[in-house]
Amino acid sequence: MAEKKKLEEQMNQFVSFVLHGEEYGVPILCVQEIIRYETLTRVPQSLPYVDGVLNLRGQVIPVINLRRKFELPEREPDKSTRIVVVEVQGRIMGMVVDEVSEVLQVNMDEIAPPPPMGTHLRTDFISGMAKMQDSLVILLEIDKILTTEESVILEQTAASAGE
Amino acid sequence: MTFDTQNYIELFYQDADEHLQIMTDALLDLERNPGDKEALASVFRSAHTMKSSSAMVGFMHVSEFTHRMEDMIGYLRDNDVPITSDMVTVFFKGFDVLKEMLSQLQDEAAEAKRNQTNHSAKDLIKVFESIANGDAPAPEDGPVGDRPRIRLNEENRNRVEELRLSGESIFEISIRFCDDVQMAATRAFLVINNLARIGTVILTAPDLDDESQSVVLDFSILFSSKEKEPAIRKQAEVSEIERVEIREVTDIEQFEWPHSKPEASSAAPSKENFEAPGDSPALEAITSFDRREDHSRNNTVRVSIEKLDRLLNLAAEMVIHRGRIHEIAQQLVLHNGKGGLEEEILDSITQQGLFLTQLQETIMESRMVPIGMVFSRFRRVVRDLAHAHNKKVNLVLEGEETELDKKIIDQIGDPLMHMVRNAVDHGLETPGERRAAGKSEEGLLHLNAFHQGNNILISIRDDGRGLNLEAIKKKALENGIVNSEEMASMAPKECLQLIFRPGFSTAEQITDISGRGVGMDVVRRSIEALGGSVELETEAGRGAAFWIKLPLTLAIIQALLVEAGGEIYALPISNVSETIRIRRSDVFSVNGTGKVIRLRDDVVPILNLDSLVAASSNGAGDELCYVAVIRHGGQYAGLIVDRMVNEQEIVIKSLSGDIACASYIAGAAILGNGRVILILDAASLVEQTLGAVV
């Protein structure tokens, strides 16, 4: 019983980070670790929002630039820039964020469905909006962000194969 | 169940493959040296092991089949029967059936094929039995399993002579029952009783009086009578008989005399009896085999190659990280002075480094397998090919113990096979041609493997007719690989290289042996994909030699690190032919887009790595720059880079499939400082460079 309760608690926990002054959250269960920003190795002709690759304890993982992905203005990395390493569907990748704030405990009742409009983000990237005491956190649908990526890759490959 | 059956089954397959290979090898030895007892014993052991292990995992029909095979070998061994070429062929057919059985076990869908295999298995089992009964196998005519051979002993022989003198004719009658015959033995007796009315049944094969011998679908009768064929046929034809063949025998010498079978106990003390009194030789062989096998089983484990990959990768990472720690410790010593704990750490890390290197080497060694595994496959192939073409080939294998990375071994088989087939098919002449050329009738095919520095060299040499330069030139022109102008400027050595060009091998050339539409270009490409190269030497009338150079391992490669567009890239050193410095003004434009440089007498197309990776081009005018000349598939391209960094070993890592990237990126590696660098794919770069020029 205690196990189950713990898992339920975890399911309501989100790692929150800041991107262009706005707060986002990703489920804590898919976050593997958070590392300081380090210089990435650029990969020629990769997708535009792929910043490069990184050595994560001997594993070479791709890092995506969330600002570019979400079409926000770009910004040079600084001391507070972090890479959130997430694992989704068995694949590990990093996401560059402006800064990581905290682990949020969100009450399920406080999660509102994604607004149909009014955000700059595609609604299918958003799983919901968490109403915190003094702010609103955009909860991200990590799977969707990756799936969309995949379809882009597929489209690209298909297009280049057709040439 | 307490153990994982699937695991056992996988082990069974691996064992079965090995045993088939052992048996094939041993039989080939036996064919050359029919009295080789050790070889026969090893065939027996393998058949015995396969029998038990297949029964253990529940493949009863495999077990049954190998059981019969074992019986036959047991007979051959115990009676010192020399192994004839026909017997070897029977064995090989048996192995083919076994292989089919095994592959069908793995492939659930092969129901129809399975029936066919079962059928050929049944046929072969009959042959096994007849051999075990002391009959020599029928030579290659008609379906195997036909006509058990008649053998005469002294008594029968005299009898035949007597009957013949009394004016009777001798007939050999071969009877085949229908496949679904009921009570074959009874029917056989019926036939014999019928025949006895009109003549004398001298003997039957198999011997119907001997109850230990079961009647199979075929049996033969040696019969004498004053009657003629039609009358005999009338008596012989009972129901459920598929066919009756009657042949008058004029020369009884055609029947084989049996090899004197020593009576089990009364015979003079044989060697076996001497060595193991009271023990049957078969039992002795099995027990000694078990002992040997136990010994090796206790000392080896099978590990999946993926696990070894991971181990090697981890060890390599540790080596790289040790470098980092070592550096830090050195700085600490520099800062805080000698004599402190810092120096002790440094010493300890240095010591650790030695162990790490050993660890890495040991893991690499554990992935190595002897190339003999690949070579030995060719013995059967060469034998079959030589038979099919009426050629005599002496296949000499050398350096079989030379070890190569498992991955390379897995991938080198096909290209080698192609070259071996080529050598037998096209290279070696028929005995007649060879005699005419003043050579020995038997052609020599020599395979050798040995170490040379950090590489393995494999040579495939034959003493055949060699490659015909004029024919190659003609073919290259016909197939439009080069035009006559180009041809005129080519040195003979360059012309030879034409056989490696795509499109050289054409449909016209396809025979049932080599050809098959894949040419030497595929051979070269697969060897180069392994980081190797292939070269060719030939002398008309004297033979040809191919030299394959391969790296020891694939996981770690020697690479040239270059810098372009602010990033470091690695080029596999096996693809780098040289590095040069040029002035940017030395680059010429062709067709507006393509760029070339002059390298000695050649014109080499050139590509700017900067503009490729970063879509920028820095430097112009008369500035000096570096060019790495890379080669792939016999074609060259120059790569302009900003800086040559160094040459070092790198561990190849795959880029995770998440990112689409340029085709000329082959993978990634991690440097000592933890930085990720990308590995360039020479094949793709050469292609792009050539594409820009044409």
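Please read all numbers here as calculations on a predicted model, not as lab measurements.

Explain the overall build of chain B here, please?
Helix and strand content of chain B: 21 helices and 22 strands. Relative to its 694 residues, chain B shows a buried fraction of 30%. Of the contacts formed within chain B by residues at least 6 apart in sequence, a portion of 67% connects residues at least 24 apart.

What is the right way to read the overall build of chain A from this model?
Looking only at helices and strands, chain A has three helices and eleven strands in total. Helices (α) and strands (β) of chain A occur, in sequence order from the N terminus, as α-β-β-β-β-β-α-β-β-β-β-β-β-α. Split into buried and exposed, the 163 residues of chain A put 32% on the buried side. The long-range share in chain A, meaning contacts at least 24 apart out of those at least 6 apart in sequence, stands at 52%.

Just checking my understanding: could you explain the sheet that holds strand S1 (residues 169-177) of chain B for this structure?
For sheets, the rule is that strands pair by backbone hydrogen bonds, running either parallel or antiparallel. All names here are of chain B. Spatial ordering of the open sheet is given by S2-S3-S1-S4, a layout of four strands whose pairing is antiparallel. Two strands in the sheet have a free side with no partner beyond their single neighbour: strand S2 (199-205) and strand S4 (241-249). Neighbouring strand axes in the sheet, compared pairwise and without regard to direction, differ in orientation by 25° on average. The pairing of S1 with S4 spans eight bridges and is classified as antiparallel. Note on S4: the bridge partner recorded for isoleucine 175 is valine 244. Contacts between helix H7 (residues 184-196) and the sheet are confined to S1, S2 and strand S3 (218-225), with S2 contributing the most and set at about 150° to the helix. Those strands touched by helix H8 (residues 229-236) are S1, S3 and S4, and its axis lies near 145° from that of S4.

Would you mind showing me how to read the nonpolar core here?
Proteins that are soluble and globular tend to have nonpolar side chains buried together. Counting 80 residues, the largest nonpolar core has Val53(A), Leu571(B), Leu639(B) and Leu680(B) as the members making the most contacts within it. Examining the composition of this core, we find that six residues originate from one element, strand S12 (residues 556-564) of chain B, more than from any other. Counting only domains with at least three residues in this core, you end up with domain 3 (305-367) and domain 5 (557-693) of chain B. For Val53(A), the residues in contact, after removing those within four places along its chain, are Leu40(A), Thr41(A), Val43(A), Val60(A), Ile61(A), Pro62(A), Val63(A), Leu655(B), Ala668(B) and Val676(B). Val382(B), Leu385(B), Leu428(B) and Ala449(B) belong to the second-largest nonpolar core, a separate cluster that totals 36 residues.

What is the right way to read unusual backbone geometry from this model?
The phi torsion of most residues other than glycine is negative, and most of the peptide bonds are trans. Residue and element names in this part refer to chain A. Unlike most non-glycine residues, histidine 20 shows phi in positive territory, near 50°. Within the fold, histidine 20 resides in the loop between strand S1 (13-19) and strand S2 (22-27). Positioned with a positive phi, glutamine 45 is a non-glycine residue whose angle comes to about 55°. Tracing the chain through its elements places glutamine 45 in the loop between strand S3 (31-36) and strand S4 (50-56).

Whenever I open this one, the interface of chain B and chain A confuses me. Can you help?
Accessible area lost when the parts come together is the quantity often used to give the size of an interface. Taken together, the contact pairs 19 residues of chain B with 20 residues of chain A. Mapped onto the side of chain B that touches chain A, the elements with two or more residues apiece are strand S21 (665-670) and strand S22 (676-680) of chain B.

Explain the environment of Ala121(B) to me, please; I cannot follow it from the model alone.
All names here are of chain B. Inspection of the secondary structure assignment puts alanine 121 in helix H5 (residues 111-132). Alanine 121 sits in the buried class, given 22 other C-beta atoms within 10 Å. With 24 residues separating them along the chain, alanine 121 and valine 97 place their C-alpha atoms 6.3 Å apart. Among residues more than four places away in sequence, those in contact with alanine 121 are Phe65 and Val97.

Help me understand H8(B) in this model?
For an α-helix the count is 3.6 residues per turn, leaving residues at separations of three or four pointing the same way. Residue and element names in this part refer to chain B. Of the positions making up H8, those classed as buried are Ile232, Gln235 and Ala236. Across the axial projection of H8, the buried residues extend over an arc of 95°, all falling on one side. The exposed residues of H8 that point more than 90 degrees off its buried face are Pro230 and Lys234. Contacts from the buried residues of H8 go to S1, H7, S3 and S4.

What exactly am I supposed to notice about the sheet that holds S3(A) here?
Residues and elements named next belong to chain A. Read across the sheet, five strands follow the order S3-S6-S7-S5-S4 without closing on themselves; strand pairing throughout is mixed. Since the sheet does not close on itself, it has two edges, and those belong to S3 and S4, each with one partner. For this sheet the average axis-to-axis angle between neighbouring strands, irrespective of direction, equals 30°.

Could you clarify how one ought to interpret the pairing of strand S7 (residues 91-97) of chain A in this entry?
Consecutive residues of a regular strand have side chains that alternate between opposite faces of the sheet. Residues and elements named next belong to chain A. Judged by how many residues are buried, S7 sits mostly within the fold: five of seven residues are covered. Relative to S7, strand S5 (residues 59-65) is paired through three bridges, and the arrangement is parallel. In the sheet register, valine 63 faces S7, and the bridge partner there is glycine 94. The sheet contact formed by strand S6 (residues 82-88) and S7 spans seven bridges and is antiparallel. When the bridges of S7 are listed, glutamate 87 appears paired with isoleucine 92. Between S6 and S7, which pair antiparallel one after the other, the connecting turn spans two residues, and glutamine 89 there sits at a positive phi close to 50°.

Please clarify how the environment of Cys625(B) should be interpreted in this entry.
With respect to the helices and strands, Cys625(B) occurs in strand S18 (residues 624-632). The spacing of Cys625(B) and Asp642(B) is 17 residues in sequence and 6.6 Å in space, taken between C-alpha atoms.

Explanation requested: the confidence of the model for chain B in the structure shown.
Detail in the predicted coordinates should be disregarded across regions flagged by low pLDDT. Residues and elements named next belong to chain B. Mean pLDDT over chain B works out to 77, with 80% of the residues at or above the 70 mark. When mean pLDDT is taken per element in chain B, strand S13 (residues 567-572) scores highest with 92 and helix H9 (residues 271-275) scores lowest with 39. Taken as a whole, residues 258-297 scores under 50 in pLDDT and shows 21 contacts with residues more than four places along the chain or in a different chain. Predicted confidence for residues 506-517 stays below pLDDT 50, and this span has 16 contacts to residues more than four positions away or in other chains. The ipTM assigned to the predicted complex is 0.78, against a pTM of 0.51.

Sorry, what's going on with the pairing of S22(B) here?
Residues and elements named next belong to chain B. Most of S22 sits out of view: five of its five residues are buried. Examined bridge by bridge, S13 and S22 share two bridges and lie parallel to one another. Bridge assignment links tyrosine 569 to a residue of S22, and that residue is leucine 678. As consecutive antiparallel partners, S21 and S22 are separated by five residues, and within that stretch glycine 674 has a phi angle of approximately 90°, a positive value.

Would you mind going over helix H6 (residues 154-165) of chain B with me for this structure?
Residue and element names in this part refer to chain B. Between its first and last C-alpha, H6 extends 17 Å over twelve residues, near the 16 Å set by a 1.5 Å rise per residue. By the criterion of burial, H6 is predominantly exposed, with just one of the twelve residues buried. At the C-terminal side of H6, glycine 167 shows a positive phi close to 95°.

The rules behind each value
Residues numbered from 1 in each chain as written. Chains lettered and ligands numbered in written order. Predicted model: local features only at pLDDT ≥ 70, side-chain atom pairs only at ≥ 80, totals over all residues. Helix = DSSP H or I, 4+ residues; strand = E, 2+ residues; numbered from the N terminus. Buried ≥ 20, exposed ≤ 12 C-beta atoms within 10 Å, placed from the backbone. Contact = placed C-beta atoms within 7 Å. Pairing = 2+ DSSP bridges. Axes fitted to C-alpha atoms, helices over the stretch in contact; angles between N-to-C directions. Core = buried A, V, L, I, M, F, W, Y, C linked by C-beta atoms within 7 Å. Domains from an automatic or database assignment. Arc of directions from axis to C-beta. pLDDT = per-residue confidence, 0-100. Expected span 1.5 Å × (residues − 1).

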